[in-house]
Amino acid sequence: MSQESSSPRDSFSTKFGVIAAAAGSAIGLGNIWRFPYETGVNGGGAFLVVYLVCILLIGLPVMISEFLIGRSAQRNPFGAFKSLAPGKPWYLIGLMGVVAAFMILAFYTVVAGWTLEYIYQSFAGTLKGKDPIELKGMFDSFRYESYRPLLWFVIFIGLTGWVVIAGIKNGIEKYTKILMPMLLIMLVAMSVYVLTLPGAGKGLEFLFKPDFSKLTPNVILKALGQAFFSLSIGMGTLITYGSYIKKKENLGSTALSVAGADTFIAVMAGVAIFPAIFALSNVGEFDVTRLADEGLVFITLPSILYSIPGGPILSTMFFILLSVAALTSTISVLEVIVTYFVEELKLTRKRATISAVASVSILGILSVLFSGVFGFLNFTSANILLPLGGLFIVLFVGWSLSKKITREELTNSGSIKGKFIPLYLFLVKFIAPVAIAIVFIYGIWNAIH
Ligand code: PHE
């Protein structure tokens, strides 16, 4: 999928290629790093329920909308809105997506850098024989008291830029087809293993037994934000990828496969982590929120992996797989900025990538050095920019785009049935926009009061 500004436009060669690339974008640190700690601090089961409802009623319709906008316009998000709605301000959604892409890269790549540190530490054996409290201490001192996060961040953003310039995403796809299923197998195996540990039941209860008294407007807003973040929607990543999907692919079923895989991996990460927290802490009334912060995966997963023979190898493998999952996501975020620079500002691909990487690095360095900046970028991009982008995307398809285009894209000009179209239209016209607006206004109102 190397895209030059020259036509004809590139496309994914197979159905599997499309799903692999979109799933590569969706599956990443959002599922394995962010989902568990957000679930942990926001009360467990009730958060999960709201999250799943958001995926079904809002996430899927937004994802289908992004695919269809991209495929019918054959452009980057900004250009897509310009060509589908000339003279109207919808293109601002595209610009907001570019801003969101900068913000996401500036904190996400930092975490991706942490995974490199943990590959190194697993390999070097420094995590061996440490209890969770010691592991937490090690994580904190790595993050707050050393300059290594800065080094890893620069390496990771450089790597992402290199892949995007070299246009070797096709090559990467070849490996991710093997590596991502491996990540999934490891997660499932870890889940099965932790379930045999004493105290594991408490963890499952925390994740699957909703206590709805924990639902506050803020928790609901965060579940919505997590759904958007995890599915890579609301900023045009999937508009960009949609523009590379061939006319004969079924957009509805593609979206369903991507969202299904993404959700399954997030839940599996939860099943591997929560029982482990309770088992490791060995106490009945353990307060999960004590461990549930941004260091969660970096503490619990090594603890589990090191309690099995072959710990160092398993832990090294796990963090390698996680960093690859992160890379296929950072590539897709950077792609949004680069495609915009190439198609709208007429830069060459190389210049576009270098200037994007350089400017992301400035913001990224700030987010490494100041955890307040990191927290702000993390909170604002996921919980504000993405839902806002998603709101406008469904409003656009529901109320502005001609139904003829929508139908054509969803039935591939009449060659497939598209029985779900009436339901889809109902969701994008009414349910999704109203739900996002309510959650959003109520959540923000509460956050500032
Ligand atoms: N969905 C990715 C993840 O879960 C992160 C991402 C967000 C990628 C937004 C692209 C756009 O890791």
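Look up a bit, the structure's there.
What counts as what
Residues numbered from 1 in each chain as written. Predicted model: local features only at pLDDT ≥ 70, side-chain atom pairs only at ≥ 80, totals over all residues. Heavy atoms only, no water. Helix = DSSP H or I, 4+ residues; strand = E, 2+ residues; numbered from the N terminus. Buried < 20%, exposed > 50% of the residue type's maximum accessible area, 1.4 Å probe, protein only. Near = heavy atom within 4 Å. Areas by Shrake-Rupley, 256 points an atom, 1.4 Å probe, with all protein chains shown as cover. Patch = residues over 30% accessible without salt bridge, like charges linked within 9 Å, V, L, I, M, F, W, Y side chains within 5 Å. Salt bridge = Lys/Arg side-chain N within 4 Å of Asp/Glu carboxyl O. Core = buried A, V, L, I, M, F, W, Y, C linked by side-chain atoms within 4.5 Å. Contact = heavy atoms within 4.5 Å. Phe/Tyr/Trp six-rings, centres within 6.5 Å; stacked < 30°, edge-to-face > 60°. Polar contact = N/O pair within 3.5 Å; in protein donor to acceptor, adjacent residues only side chain to side chain.

Q: A description of unusual backbone geometry should follow, citing residues and the corresponding values.
A: For Gln-74, which is not a glycine, the phi torsion comes out positive at approximately 60 degrees. Positionally, Gln-74 belongs in the loop between helix H3 (45-73) and helix H4 (77-84). Judged by its relative accessible area of 28%, Gln-74 is partly exposed. Here Ser-232, not a glycine, exhibits a phi torsion of approximately 60 degrees, which is positive.

Q: Could you give me a rundown of the site of the ligand, with the residues and numbers involved?
A: Surveying the vicinity of the ligand reveals 16 residues, the closest of which are Ala-26, Gly-30, Tyr-108, Phe-229 and Ser-232. Relative to its unbound accessible surface of 320 Å², the ligand loses 100% to contact with the protein. Secondary structure elements with two or more residues in the shell around the ligand: helix H1 (15-26), helix H2 (29-41), helix H5 (91-124), helix H10 (217-231) and helix H14 (311-344).

Q: Go over a nonpolar patch on the surface with me, naming the residues and quoting the values.
A: Together, Val-49, Val-53, Leu-56, Leu-57, Phe-212, Trp-399, Leu-423, Phe-426, Phe-430 and Ile-431 make up a nonpolar patch on the protein surface, roughly 930 Å² of accessible area in all. Taken together, the elements giving at least two residues each to the nonpolar patch come down to H3 and helix H18 (421-448). Note that Ile-431 resides in helix H18.

Q: A description of the nonpolar core should follow, citing residues and the corresponding values.
A: Across soluble globular proteins, you tend to see nonpolar side chains buried next to one another. Ile-32, Trp-33, Met-63, Trp-114, Phe-298 and Phe-318 are the most contacted members of the largest nonpolar core, which totals 155 residues. If you tally residues by element for this core, the top one is H5, at 19 residues. In this structure Met-63 touches Leu-231, Ile-233, Leu-238, Ala-255, Val-258 and Ala-259, once residues within four positions along its chain are discounted.

Q: I'd love a proper account of the packing of aromatic side chains, names of residues and values included.
A: Tallied over the full model, the rule gives 26 aromatic pairs. Plain terms: the ring middles of Phe-78 and Tyr-340 are 5.3 Å apart, the flat faces sit at 80 degrees to each other, and that makes the pair edge-to-face. In this pair, Phe-78 sits in helix H4 while Tyr-340 sits in helix H14, placing the two residues 262 residues apart along the sequence. Per residue, the accessibility class of Phe-78 equals that of Tyr-340, and both read buried. Taken together, a centroid distance of 5.0 Å and an interplanar angle of 80 degrees make the contact between Phe-81 and Phe-396 edge-to-face.

Q: If you had to explain the side chain of Glu-343 to someone new, which residues and values would you point to?
A: Relative to the helices and strands, Glu-343 is located in helix H14. Within the structure, the side chain of Glu-343 is placed 2.8 Å from the side chain of Asn-76, a separation counted as a polar contact.

Q: A description of the side chain of Thr-254 should follow, citing residues and the corresponding values.
A: Note that Thr-254 resides in helix H12 (residues 251-281). Of the residues examined, Thr-254 reaches a relative accessible area of 1% and is grouped as buried. A polar side-chain atom of Thr-254 sits 2.7 Å from the main-chain carbonyl oxygen of Asn-250. The contacts of Thr-254, once residues within four sequence positions are left out, are Lys-15, Val-18, Ile-19 and Phe-67.

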